[in-house]
Every structure is written in C-alpha cells, then in structure tokens.
Amino acid sequence: MNFTSQKNDSVLTPVTLLSGYLGSGKTTLVNYVLNNADGLRIAVMVNDFGDLPIDTSLIVAKDDDIIQLSGGCVCCSYGNDLVRALARLQDLPNKPEHVLIECSGVALPTPVKMSLSLIQGLAYDGTVGLIDGSQILKQLSDRYIGDTVARQIKQADVLFLSKIDKLTDDVKQSVYEKIGTITSKHAVGIEYGSVPLDTVLSSYVADDLSVDKDMKFQNSKFTHANFESMVVRHENAVNLTILHSKLTSHSAGIVRAKGYLYADDGRQYLMQLVGDHCEFTPVNKIPISGLSENESAFVVIGIKGKLLMPSLS
Amino acid sequence: MTTIYAAKKIYTHNPSRPIATHVAVKEGRVLGVGSLEELKAWGDYLLDEQFVEKIIMPGMIEGHSHTMEGMLWRHAYVGFFDRMAPDGKVWTGLPSKQAVIERLCEFEKNIKDPQVPLTGWSLDPIYFDGTRFNREDLDAVSASRPIGVLHASGHIMNVNTKALELAGLLRTGIEHEGVPLGNDGLPTGELKGPDVMTPAGLHVGFNEDMLACDEQGLWDFARLAVRTGVTTATDLATRLSDEVVDTALRVTADEHYPLRVVPLRFHHGVTPKELVDQVLSLKARSTDNFPMGRIKVVADGSIQGFSARLNWPGYINGATNGLWYIAPEQLREIYDLSLAYGIGVHTHTNGDEATDLVLDTLEAALRDNPSFDHRFTIQHGQLISQAQFRRMSSLGMSVNLFANHHYYWGEEHYMQTVGAERALRMNACRSALNHQIPMAIHSDAPITPLAPLFTAWAAVTRETRTGRVQGEYERITVAEAMHAVTLGAAYTLHLDHLVGSIEVGKFADFAVLEDDPYEVPIDELRSVRVWGTVQGGRIFSSADM
Ligand SMILES: [Zn+2]
C-alpha cells in the first residue's frame with residue numbers, strides 16, 4: 001500500500017510492465033493492445049530493436065530511436081538505459097498517455113518497477129505477467145531458468161496464461177496447480193493475446209461511476225469470457241488499510257480497481273489498485289457527478305466467478 | 001630494409017628456438033631470430049644496438065580489457081592502490097576517506113569553469129572498514145559543481161547534492177534498492193547499478209555509452225599499453241557503432257599508434273542473427289591493428305555483487321541466486337550461428353551455474369554444427385570446477401581466468417561470498433593447464449590495472465592483498481604465466497599465428513624490458529621495469545609517451 005505525495009494526479013503517466021519468458025506471448029499481447037488502442041496514445045518500450053515486436057502494418061514512420069505507429073502510438077527501444085529512455089518519452093511533443101514496457105525474457109519485473117520511481121511524472125500501473133501454458137511445466141523444472149520464471153510469476157500483479165487451447169484437461173489442471181504453488185493469483189487463460197484492455201492498462205478502466213448505488217454488476221467496456229467488473233458505491237467513510245487488505249485478499253478475485261474514496265481521516269483519495277499494488281493519492285475534489293461528499297465509488301475488475309466484493313463496513 | 005636488433009637476451013616463446021640474442025625485422029615482421037651470424041644470411045641489414053642491455057620478449061597480450069580505461073584517466077584517480085597513469089605518473093593509493101576528499105579538492109581547484117563536473121574513479125570504500133560516502137562528504141569538495149565518483153567495481157557511483165539535483169533525484173518518494181535514502185527521505189548520494197548510475201552519470205562527466213571509447217581515450221589506453229609491454233589488447237565489450245568503428249579504424253591506422261586493439265561485439269541489443277551479420281560484415285573491414293569479427297556474450301553477473309549464477313549451495317550469506325543476462329535459447333542461437341560462420345565467441349561467466357549453461361549449450365550446438373577449431377572461450381570463469389574443466393577440455397574450449405581478482409578481492413570471497421573452499425579454487429590456473437585447456441589470464445582493466453606482468457605475478461603467487469596465499473594448489477610457474485600473457489591470449493583470439501611469440505613471419509611485436517622476468521625473484525615479477533615496446537616493427541619507448 002502506498003500513499004502518493006503528488007497532489008495532482010492528472011499529470012502522472014501510468015506505466016504498465018509486461019513480463020514473461022521467451023515465447024509467452026508478450027509480442028502478441030503488445031500488438032493486440034496497439035490494434036485496439038482506440039485513440040489512446042500508448043508508448044511501447046522494448047528492450048531492443050532486434051526483434052521488433054510490432055506488426056509492420058502499424059508502423060507509420062521510423063525515426064532514429066522512435067517508431068511512429070498508427071493512432072499516435074509510438075514504439076521505442078531502451079537498450080541498457082530504461083531510465084533515460086523514459087525521461088525522453090516525457091519530453092515528446094505528444095506525450096504518451098500510457099507507457100507499456102516489454103521486459104526482456106530473463107528480466108525480473110521488480111527492478112524495472114523500481115526504476116520508475118527515479119523519474120518524476122510516472123505512476124506504476126502494474127505488472128502483467130504472461131505464462132506460456134504449453135511450456136510452463138518444463139520451464140519451471142528447468143535447472144537454469146526455473147527460478148527466474150517462478151520469480152517473474154511471483155512478481156506479477158496480473159497473470160495471463162497463453163497457449164492452453166491444445167492442452168488436455170489433465171495437463172491444464174497440473175499447470176494451474178503448479179502456478180498455485182508459486183502465487184495466490186489466478187492465471188487467466190487467453191487466446192491470441194486477446195485480453196480486456198482494462199485489465200492491462202488502467203487508462204481503460206471506465207471512470208463512469210454514476211451507476212447504481214448498491215454494488216450492481218455492470219458490463220465491462222471490454223467483454224471477455226473470463227472477466228467481469230462491477231461498480232461499488234459506499235456511503236460512509238472507509239478505512240484505507242482495511243479496504244486495502246480486503247481488496248487484495250486472495251478470495252476477492254480482483255485484478256484491478258480504480259475509483260474515489262472518502263476516507264475516515266476526512267480526506268478524499270484516488271485509489272488505483274492492481275494485484276497487490278495499491279496507490280492512494282489525495283485529491284481536492286472527487287470528479288464524479290452525483291456523488292455526495294462522504295461517498296466512495298470505484299470499479300473493480302476481476303475473474304469471472306471469483307469476483308466477490310467483501311462488505312466495506 | 002632489414003634491421004637486426006641485438007639484445008641481452010631474447011625470449012621467443014618458440015620452443016624450437018626459445019632463446020636468442022638477435023632478431024631481424026623487415027616490413028614490420030620477424031625475418032628471423034638467432035645469432036647475428038645466422039641472420040646475416042638474409043643480406044643487407046642495419047644493426048640496432050639500443051636494446052643490447054635489455055631483455056626482449058613477445059609483446060604481451062591483454063585478453064580481457066576495456067579501452068574505456070583510457071578515458072578514465074582524464075578524471076581524478078581515487079583508488080586504494082598505487083596506479084600508473086598513461087603519462088607514467090604513479091598516483092599513490094588513498095588509504096582513507098579523508099585522503100579521497102583531499103585529492104578531489106586538489107582536482108576541484110584546477111577546474112576553472114564552475115559548470116564543469118568533477119569526476120573521480122576507482123573508489124573502493126570496502127578498504128575503509130566499510131565507511132560509506134554520502135553526498136555531504138562530496139558537498140564538502142564543492143556544493144555548486146556536480147561531482148560523481150565511480151567505484152572500482154564499476155557498478156556503484158557516489159554523487160554530491162548538486163549532481164542529484166541535476167539528475168532529478170533530489171526528492172522524496174524514490175523507492176529503489178539501488179538508491180539508499182537518508183533519514184530525511186532524500187537519497188544519500190550512493191547510486192548502485194547501471195539503471196541508476198547511467199542517468200546521473202551524464203551530469204558528472206560520464207558518457208552515454210560507457211563502453212564506447214573516444215579518440216583521446218584510445219590514445220591514452222595505448223600509452224598505458226606501451227608502459228606495460230602490451231602490444232595487443234582486447235576491447236572486450238563494445239557495441240561497435242559506426243562511429244566507434246570509424247574512429248578506431250582511423251586512430252589505430254595512425255603510424256604512431258602502438259597497439260593492436262581487438263574489439264569483441266557485445267551481444268546485447270540485437271538479435272543473434274543481426275549480431276552475427278554485423279560481426280561478419282565488420283570482419284571484412286579488419287586491419288592489422290583493428291581485427292574485428294568476434295563476439296562477447298555476458299551470461300551472468302558478478303560474484304561480489306551477488307548477481308552471478310551459482311550452483312548449489314549458492315552464496316554463503318544465503319543471498320538469492322543471481323541473474324541471467326541472456327536466455328539459454330538466445331545463447332544457443334548465437335553459438336549455432338557463430339559456429340556455422342566461424343566466428344569466435346567469448347562468454348563471460350562468473351558463477352559455476354553459468355559455466356554449466358555454457359557447456360551444455362556449446363555441447364548441443366557442436367552436435368549440430370561440428371567445428372574443429374572454434375576456440376570458444378570462457379571469460380572470468382571464476383568458479384570453474386574440476387568436472388567443468390574436464391568438459392571444457394572435451395569440448396575444445398579455451399579459458400581466460402581473472403588472476404588479478406584474487407589479489408584485490410580474494411579476502412572478500414573467502415569471508416563473504418562463496419566461503420573458504422570455493423575461494424581456494426577461484427581463478428584456477430593450475431587446474432586449467434592440467435586439463436590441457438588453452439589459457440590466458442587477465443586484468444579486466446579498468447576494473448584492475450592493465451599490467452600483464454602483475455597479472456602473471458598474481459597467478460604465480462596467488463597472494464591476496466593481505467599477503468596470504470589463497471589456493472596454493474592453483475599456482476602456476478613463471479614460464480606458464482608468461483605463456484598465458486602472450487601465446488595463451490593470442491590463441492583464444494585466433495591470432496596465435498600472427499602474435500604471441502617471436503618467430504619468423506609473425507608481426508614484430510616485442511616487449512622490451514629492463515629486468516629479466518624469468519630471472520628476478522618471484523616477488524619482483526610484478527615490478528619488472530618495462531622500457532617500452534616494438535609493435536609492427538616500430539619502436540615505442542615509455543619515456544616518449
Ligand atoms: Zn570485462
């Protein structure tokens with residue numbers, strides 16, 4: 001749990017990390033996100049330009065360091081110097097609205113996450129971990145990369161399992177069991193990189209919270225067989241510590257949550273949660289119409305059938 | 001025209017004529033070695049007797065160095081050990097924090113422009129009983145000028161408050177294990193690891209690409225080489241950008257440039273296919289003084305940084321196993337392509353697990369790409385075990401061991417990283433030779449000083465800096481060490497037909513010494529005086545550098 005000191009949240013650019021071993025489907029996911037960017041200016045950062053992970057059809061122009069993609073998105077390389085590449089992005093005339101960093105196959109996401117705090121204006125937006133369902137059992141028992149892959153899984157906030165369509169039910173079962181020994185998070189099966197974008201990028205989490213009062217399910221902007229979302233409204237002040245532990249408890253099945261809180265310290269906060277990572281940023285005014293001063297409202301996105309909203313009182 | 005040099009004694013490292021008094025040189029090559037009478041048969045000659053009181057041996061070859069050492073010497077040296085600069089001045093080692101601050105102050109006084117940063121290098125607080133530096137210490141040198149001091153390991157930097165401010169790091173809210181915070185929540189000024197150092201480094205006088213050497217740096221590096229008897233040195237990890245290649249080709253072609261620089265293309269940043277393509281096309285642009293066409297792969301991190309990949313039982317303090325810097329699949333692809341195209345690959349491993357990965361990968365790659373003279377080399381290989389040496393031998397591998405490491409950090413390994421038993425087998429030269437593995441030994445300059453005679457001494461004695469012998473069994477003889485710093489290194493680079501011995505047809509590359517390394521008491525091997533070198537038949541005296 002973190003309390004951000006910056007008051008003005010609107011200037012922070014969210015940064016999502018994409019982690020996973022070779023072949024886990026990071027490139028496919030990046031392309032899916034870019035093809036469905038829907039006007040959001042996304043900057044994709046890759047470790048090198050060697051294996052350009054971008055559909056050539058998306059490329060509009062190539063400069064030295066930055067490749068212009070359709071829809072105002074860009075792709076750039078960071079080599080050994082992620083921090084300066086991120087700083088350079090901040091100076092672009094058309095500053096990106098969201099940054100997606102594709103970590104190298106053997107990289108651990110936590111050090112990359114730590115690097116983000118070296119630059120002002122960025123907000124960590126979670127680590128999306130990809131697992132190659134067809135290889136994971138072999139990878140985890142590999143004497144060289146087993147511990148690296150396990151650490152990647154442990155450090156992810158949201159987990160996706162790719163390439164499971166050809167697995168038998170028995171194997172699938174062992175895969176889930178094995179992952180369960182590493183993390184308490186559910187790994188959600190995906191096909192061809194197709195994921196609801198609001199699970200990957202908080203920028204897509206709907207901020208239209210002016211819906212029903214009592215925790216009614218609503219359709220996510222992005223429908224997906226394995227996810228569902230709901231809007232939560234609450235009338236009395238909430239205790240942030242208690243809320244945090246409830247939202248991140250294994251049984252809640254929550255992948256992301258975003259919204260505004262009226263806390264029991266009398267202040268109002270923007271809450272952004274992904275996996276175990278939660279930021280509370282004080283705000284002067286809750287920018288939602290129809291919400292009274294001591295009310296809280298937020299969206300939660302979770303795994304279908306597992307999403308439970310624990311009572312806030 | 002033929003020149004015949006007379007010397008007190010010439011050690012040729014050619015077994016069929018190991019010792020001679022005269023060497024004839026023509027067109028930059030050795031025309032013959034023997035007595036004056038024998039050499040006269042080649043016809044007209046000029047007898048040069050300036051070395052008649054000196055010892056000549058093959059020019060020494062540093063098989064693992066980085067030319068960036070040449071660039072560091074424009075900054076303040078603040079290391080613990082005495083160290084010779086390119087101009088020959090020996091900077092005394094600094095025994096305390098106070099002494100470091102004083103030297104920085106001296107340098108500070110000489111920089112007129114208040115905007116220009118003050119840069120120091122080779123700091124190693126490990127020798128000051130763990131006293132750390134913080135930004136206030138450096139603020140005492142100057143509060144207005146940015147200051148950065150690189151540690152000897154190359155992995156940590158200390159900066160002052162001004163530098164933190166310029167780097168945008170003088171604020172609260174930083175959560176990074178490489179940025180320790182003080183009680184005020186602000187960084188203390190110690191920056192650990194490349195992702196923190198690089199952005200701050202730009203404000204304190206370091207390059208964007210710290211591996212890229214500029215023109216002045218190449219000259220200064222070469223001046224150090226002449227002073228230490230080196231005529232060939234590797235630049236062991238460079239990205240070989242067009243600019244770096246153009247500069248290096250131009251500088252090394254200068255008629256007064258005294259060094260062969262052998263660059264190895266660092267694997268990072270391109271796909272294996274692109275790496276091999278680039279190296280192949282560069283190979284075609286090679287010159288005698290800048291032979292390209294080799295690859296350097298980094299497999300794991302360092303032992304003292306706890307980032308090396310170790311086999312069971314791991315680090316003695318229980319630290320989590322280290323990091324891979326390449327995926328096994330990528331390593332395999334680089335090996336496959338390099339074997340197929342005849343490119344030499346040198347792979348950095350420190351931990352024994354990383355060495356196992358290299359052995360497994362090469363064994364599989366060789367099955368698909370049979371290759372009889374690949375000479376793939378493990379660089380550092382600090383923890384190679386007996387069983388691994390046996391496999392290396394079967395697979396036709398070479399090794400370049402970090403003999404200097406023992407002297408500088410042997411005590412730390414014994415106490416803090418791998419414990420006593422494995423510390424005894426680190427940098428195991430005797431074992432490598434017992435298994436008939438072609439072997440070089442190295443300094444990894446600038447990590448430790450470029451000075452093959454010192455490196456030879458370190459391999460012969462295995463003394464740590466406290467004078468304790470660590471791993472007596474792994475000591476080698478003077479002759480073996482002298483071979484390692486000449487032909488041994490040449491072999492790992494596929495250059496042993498051109499350099500490494502004084503032999504007809506090879507380049508006239510000699511080290512000219514005042515003392516006889518084979519005759520001095522062993523403890524004086526490290527301080528054998530170097531007069532200078534002959535490189536490609538051209539004479540370079542240390543005194544002129
Ligand atoms: Zn090195």
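If you're wondering where the values come from, they're calculated on a predicted model, not measured in any experiment.

### Some thoughts on the coordination of the zinc ion
Residues and elements named next belong to chain B.
Part 1: Note on the zinc ion: its protein donors are H64 (NE2), H66 (NE2) and D444 (OD). The metal-donor distances range over 2.1 to 2.2 Å.
Part 2: Site description for the zinc ion: donor spacing in sequence, H-x1-H-x377-D. Separated by 378 residues along the polypeptide, H66 in the loop between β6 (60-62) and α2 (69-72) and D444 in the loop between β20 (439-441) and α16 (452-461) bring together distant segments of the chain.
Part 3: Given a relative accessible area of 12%, H66 falls into the buried group.

### Considerations on the state of the cysteines
Here, disulfide denotes a covalent bond that connects the sulfur atoms of two cysteines.
All names here are of chain A.
Part 1: Applying the stated rule across the entire model yields zero disulfides over all chains.
Part 2: Left without a disulfide partner, C76 is nearest to the cysteine sulfur of C75, which lies 6.6 Å away.
Part 3: Of the residues examined, C76 reaches a relative accessible area of 4% and is grouped as buried.

### Quick look at the domain arrangement of chain A
Residue and element names in this part refer to chain A.
Part 1: Segmenting chain A into domains produces domain 1 (11-200) and domain 2 (205-303).
Part 2: Between domain 1 and domain 2, the C-alpha centre-to-centre distance is 25 Å.
Part 3: Around 1,600 Å² of area is buried between domain 1 and domain 2 when both sides are counted, 64% of it from carbon and sulfur atoms.
Part 4: Broken down residue by residue, the surface that domain 1 buries against domain 2 is led by V188, P196 and D198, which jointly contribute 33%.
Part 5: The interface formed by domain 1 and domain 2 contains two salt bridges.
Part 6: Linking domain 1 with domain 2 are five residue pairs in polar contact (both at pLDDT 80 or more).
Part 7: Mapped by element, the contributors of at least two residues to the side of domain 1 that touches domain 2 are β8 (122-132), β9 (158-162), β10 (187-189) and α7 (197-200).
Part 8: The element best represented in the side of domain 1 that touches domain 2 is α7, accounting for four residues.
Part 9: For the side of domain 1 that touches domain 2, the class distribution of residues is nine nonpolar, seven polar and five charged.

### Considering helix α8 (residues 240-248) of chain A
Part 1: Restricting attention to buried positions, one finds in α8(A) the residues L240(A), L243(A), H244(A) and L247(A). Within α8(A), the buried residues cover an arc of 100 degrees as seen down the axis, which keeps them to one side.

### Some points on the sheet that holds β20(B)
All names here are of chain B.
Part 1: In space, the eight strands of this open sheet follow the order β6-β14-β15-β16-β17-β18-β19-β20, with parallel pairing throughout. The open sheet has two edge strands with one neighbour each: β6 and β20. The average undirected angle you get between the axes of adjacent strands in this sheet is 20 degrees.
Part 2: Strand direction decides the pairing type here: strand β18 (residues 377-380) and strand β19 (residues 398-401), joined by four bridges, are parallel. If you follow T377 over to β19, its bridge partner there is S398.
Part 3: Together, β6, β14 (230-238) and β20 form the strand contacts of α16, whose direction differs from that of β20 by roughly 115 degrees.

### Side note on the environment of G105(A)
Residues and elements named next belong to chain A.
Part 1: By the element assignment, G105 lies in the loop between β7 (98-102) and α3 (109-116).
Part 2: Look at G105 and you get buried, because its relative accessible area is 8%.
Part 3: Sequence separation between G105 and L22 is 83 residues; the distance between their C-alpha atoms is 4.9 Å.
Part 4: Each residue touching G105, except ones within four places of it in the same chain, is listed here: G20, Y21, L22, K26 and Q152.

### Some thoughts on the pattern of salt bridges
Part 1: Applying the stated criterion across every chain yields a total of 41 salt bridges over all chains.
Part 2: One salt bridge connects E190(B) with R132(B), and the closest N-O pair in it is separated by 2.9 Å. In this pair, E190(B) sits in strand β13 (residues 190-192) while R132(B) sits in the loop between β10 (118-123) and α4 (135-139), placing the two residues 58 residues apart along the sequence.
Part 3: Among the charged side chains, a network of salt bridges with common partners joins D147(A), R151(A), R309(B) and E353(B).

### A word on the packing of aromatic side chains
Part 1: For the structure on display, the rule yields 26 aromatic pairs over all chains.
Part 2: Here Y144(A) and W324(B) contribute two aromatic rings whose centre-to-centre distance is 6.0 Å and whose plane-to-plane angle is 80 degrees, an arrangement assigned as edge-to-face. Placement of the pair is Y144(A) in the loop between α4 (136-140) and α5 (146-154) and W324(B) in the loop between β16 (294-298) and α10 (328-341), with the two residues belonging to separate chains. With respect to class, Y144(A) is no different from W324(B); both count as buried.
Part 3: Summarising the aromatic geometry, the rings of F80(B) and F81(B) are spaced 5.1 Å apart at their centres and angled 85 degrees between planes, so their arrangement reads as edge-to-face.
Part 4: Exposure remark for F81(B): the relative accessible area of 15% places this residue in the buried category.
Part 5: These aromatic residues form a ring-pair network of at least three members: F80(B), F81(B), Y127(B), F128(B), F133(B), Y407(B), Y408(B), W409(B), F454(B) and W457(B).
Part 6: Sitting over the face of the ring of Y414(B), R468(B) holds its NZ or CZ atom 4.4 Å from the ring centroid.
Part 7: Directly above the aromatic system of W457(B) lies the positively charged group of R526(B), at a separation of 3.9 Å from the ring centroid.

### Some remarks on the pairing of strand β3 (residues 42-46) of chain A
All names here are of chain A.
Part 1: Across the five residues that make up β3, a large majority, five, are buried.
Part 2: Where β3 and strand β6 (residues 74-77) come together, four bridges link them in parallel fashion. The residue of β6 that forms the bridge with M45 is C76.

### Some thoughts on the interface of chain B and chain A
A common way to state how big an interface is: give the accessible area lost once the parts meet.
Part 1: The interface of chain B with chain A comprises 39 residues on the first partner and 28 residues on the second.
Part 2: In total, about 2,600 Å² of surface goes out of reach between chain B and chain A, with carbon and sulfur atoms giving 52% of it.
Part 3: Along the contact surface separating chain B from chain A lie two salt bridges.
Part 4: As a salt-bridge pair, D356(B) and R143(A) come within 2.9 Å of each other at their nearest N and O atoms.

Reading guide: rules and limits
- Residues numbered from 1 in each chain as written.
- Chains lettered and ligands numbered in written order.
- Predicted model: local features only at pLDDT ≥ 70, side-chain atom pairs only at ≥ 80, totals over all residues.
- Heavy atoms only, no water.
- Donors = N, O, S within 2.8 Å, 3.2 Å for Na, K, Ca; no water.
- Helix = DSSP H or I, 4+ residues; strand = E, 2+ residues; numbered from the N terminus.
- Buried < 20%, exposed > 50% of the residue type's maximum accessible area, 1.4 Å probe, protein only.
- Disulfide = S-S within 2.5 Å.
- Domains from an automatic or database assignment.
- Buried area = accessible area lost by both parts, 1.4 Å probe.
- Salt bridge = Lys/Arg side-chain N within 4 Å of Asp/Glu carboxyl O.
- Polar contact = N/O pair within 3.5 Å; in protein donor to acceptor, adjacent residues only side chain to side chain.
- Nonpolar A, V, L, I, M, F, W, Y, C, P; charged D, E, K, R; others polar.
- Arc of directions from axis to C-beta.
- Pairing = 2+ DSSP bridges.
- Axes fitted to C-alpha atoms, helices over the stretch in contact; angles between N-to-C directions.
- Contact = heavy atoms within 4.5 Å.
- Phe/Tyr/Trp six-rings, centres within 6.5 Å; stacked < 30°, edge-to-face > 60°.
- Lys NZ or Arg CZ within 6 Å of the ring centre and 35° of its normal.

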